[in-house]
Amino acid sequence: MISTSPALPLSRDASSRFLPWLIGFMVWLAAMALALVMILSAAGQQWRTGLAGTLTVQIIPVAGADSAATDALARRAIKLLRATPGIASAASVPDVQVAALLEPWLGKDALSADMNLPVPRLIDVRLIAGGAIDSDALGAQLAAEIPGATLDDHGLWLERLVALARALEAIAFAVVGLIGLAAIATVVFATRTGLAIHHEVVELLHLIGAQDGYVARQFQGRAFWLGLEGGLIGTVLAAVTLVLLGYLAGRIEASLLPPLALSVQQWAVLAAIAPAAALISMLTARLTVQRAVGRMA
């Protein structure tokens, strides 16, 4: 039970004046780190879902060949791919999609006749579910039979990308752990300072028969509300930061970044940080006081 009895004038302590802001800053950092973890986890799942079982074939224009010749090579490559066991489908990527991929760097007229750029033809290849093919052998066959053809197996770079995302997630979790330790140390310091300020009052309470638990409840109640106040400050700041980042990311037309929008469940996780900070502050203050008061006995 949390007590707010005014037996000790803790509300006037200068030692706890800045505690909510310190906790708020730590909660903001923890919320941003957890948001990074959730964004990377969702992005990794999206990458795996979207690119699993797919290949991309490029037909690079041969020097001196016109657009019609390159299109003919692309049709030959599609015919070869469709005849390969393990491949479910092979189709040219529409020019509209290719133009959208090039637009952030070359503008909207990347495929116009005025630009006359030697843009490769792209072929989207889908594998049979559960099937497997030798991508190295297929790439060598394409290169041998179709001039300028190259095969891009997404598996290798996707594996490296997911590994990078997991490493960043581990770092973010480590940051959250360190922030938690720093918050505990801050509460311990503030609680010990409060005990030192009210040392004589605490001793007087002991003399008149107050139990250690009673004294501890004075400090834990104060720490709970300060921790909750700081947690709410940090959560609000994190929410504002994430909304702002999501707005700025949404203005980028190309999908160069993973989606920064959080789901309802993910927002609920971030909202739980504030009460968690309050509980940690309360328990830390209680244990600190019990240990210190026990030495006075």
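### A short note on the confidence of the model for the protein
Here is step 1: Per-chain confidence: the protein averages 82 in pLDDT, with 81% of residues scoring 70 or above.
Here is step 2: Per-element mean pLDDT across the protein ranges from 71 in helix 6 (residues 199-207) up to 92 in helix 8 (residues 264-271).
Here is step 3: Below pLDDT 50 for its whole length, residues 1-5 participates in 13 contacts with residues either more than four positions away or in separate chains.

### Considerations on the pairing of strand 1 (residues 54-59)
Here is step 1: Within strand 1, five of the six residues are buried, leaving the element largely enclosed by the surrounding structure.
Here is step 2: The pairing of strand 1 with strand 3 (residues 121-127) spans six bridges and is antiparallel. Pairing of Val57 across the sheet is with Ile123, part of strand 3.

### Observations regarding the packing of aromatic side chains
Here is step 1: Taken as a whole and assessed by the stated rule, the structure comprises two aromatic pairs.
Here is step 2: Where Phe25 meets Trp28, the ring centres are 6.2 Å apart and the plane angle is 25°; that geometry is what we call stacked. Here the residue Phe25 and the residue Trp28 both occupy positions in helix 1 (residues 19-51), the gap between them amounting to three residues, near one helical turn.
Here is step 3: Since its relative accessible area comes to 26%, Trp28 is described here as partly exposed.
Here is step 4: Ring centres of Phe224 and Trp225 lie 5.0 Å apart, and the angle between their planes is 85°; on these two criteria the pair is classed as edge-to-face.

### Observations regarding the pattern of salt bridges
Here is step 1: For the structure shown, the criterion picks out two salt bridges.
Here is step 2: Salt-bridge contacts for Asp71 lead to Arg121; the nearest nitrogen and oxygen are separated by 2.6 Å. One end of the pair, Asp71, is in helix 2 (residues 67-82); the other, Arg121, is in strand 3, with 50 residues separating them in the sequence.
Here is step 3: Using a relative accessible area of 29% as the deciding quantity, one classes Asp71 as partly exposed.
Here is step 4: Judged by its relative accessible area of 19%, Arg121 falls in the buried class.
Here is step 5: Notably, a salt bridge pairs Asp124 with Arg126, separated by 3.1 Å at the nearest N-O pair.
Here is step 6: A residue is classified by how much of its surface remains accessible, and Asp124, at 26% relative accessible area, is partly exposed.

### A closer look at a nonpolar patch on the surface
Here is step 1: A cluster of nonpolar residues, Leu164, Leu168, Ile171 and Val175, forms a patch on the protein surface that exposes about 330 Å² of accessible area.
Here is step 2: Relative to the assigned elements, Val175 resides in helix 5 (residues 154-197).

### Some remarks on the side chain of Thr191
Here is step 1: Secondary-structure assignment places Thr191 in helix 5.
Here is step 2: The contact partners of Thr191, leaving out residues within four places of it in the chain, are Phe219, Ala285, Thr288 and Val289.

### Regarding the packing of helix 2 against helix 4 (residues 135-145)
Here is step 1: Helix 4 packs onto helix 2 with a crossing angle of 145° between their chain directions and a minimal axis gap of 11 Å. In this structure, the crossing between helix 2 and helix 4 has a hand that is right-handed. On the side of helix 2, the interface is formed by Arg76, Ala77, Leu80 and Leu81, while helix 4 contributes Leu138, Gln141, Leu142 and Glu145.
Here is step 2: Grouping the amino acids of the contact of helix 2 with helix 4 by side-chain chemistry returns five nonpolar, one polar and two charged.

The rules behind each value
Residue indices follow the written sequence of each chain, beginning from 1 at its first position. Whole-chain, interface and lining totals are the exception, using all residues; otherwise, since this is a predicted model, local features are given only for residues with pLDDT of at least 70 and side-chain atom pairs are given and counted only at 80 or more. Excluded from the side-chain calculations are hydrogens and water; all other atoms, namely the structure's heavy atoms, are used. By definition, pLDDT measures how confident the predictor is in each residue, and it falls between 0 and 100. Numbered from the N terminus, helices here are DSSP runs of H or I no shorter than four residues, and strands are runs of E no shorter than two. It only takes one pair of heavy atoms within 4.5 Å for two residues to be counted as in contact. Relative accessibility thresholds used throughout: buried, under 20% of the residue-type maximum; exposed, over 50%; partly exposed, between the two (1.4 Å probe, protein chains only). If DSSP finds at least two bridges between two strands, the strands pair. Any Phe, Tyr or Trp ring, taking Trp's six-membered ring, that has another such ring centre within 6.5 Å forms a pair; planes under 30 degrees apart are called stacked, those over 60 apart edge-to-face, and the others tilted. Here, a salt bridge means any Lys or Arg side-chain nitrogen found within 4 Å of an Asp or Glu carboxyl oxygen. Distance thresholds for patches are 9 Å for like charges and 5 Å for nonpolar side chains (Val, Leu, Ile, Met, Phe, Trp, Tyr), applied to residues having over 30% relative accessible area and no salt bridge. Surface accessibility follows the Shrake-Rupley procedure with a 1.4 Å probe radius. Residue values consider only the protein chains on display as shielding. Note on method: axes are straight lines fitted to C-alpha atoms, helices fitted across the in-contact stretch only, with angles between N-to-C directions ranging 0 to 180 degrees. By convention the crossing between two helices is left-handed if the near helix lies anticlockwise of the far one by an angle smaller than a right angle, and right-handed if it lies clockwise. Under the grouping applied here, Gly and all other residues not named as nonpolar or charged are polar, the nonpolar ones being Ala, Val, Leu, Ile, Met, Phe, Trp, Tyr, Cys and Pro and the charged ones Asp, Glu, Lys and Arg.

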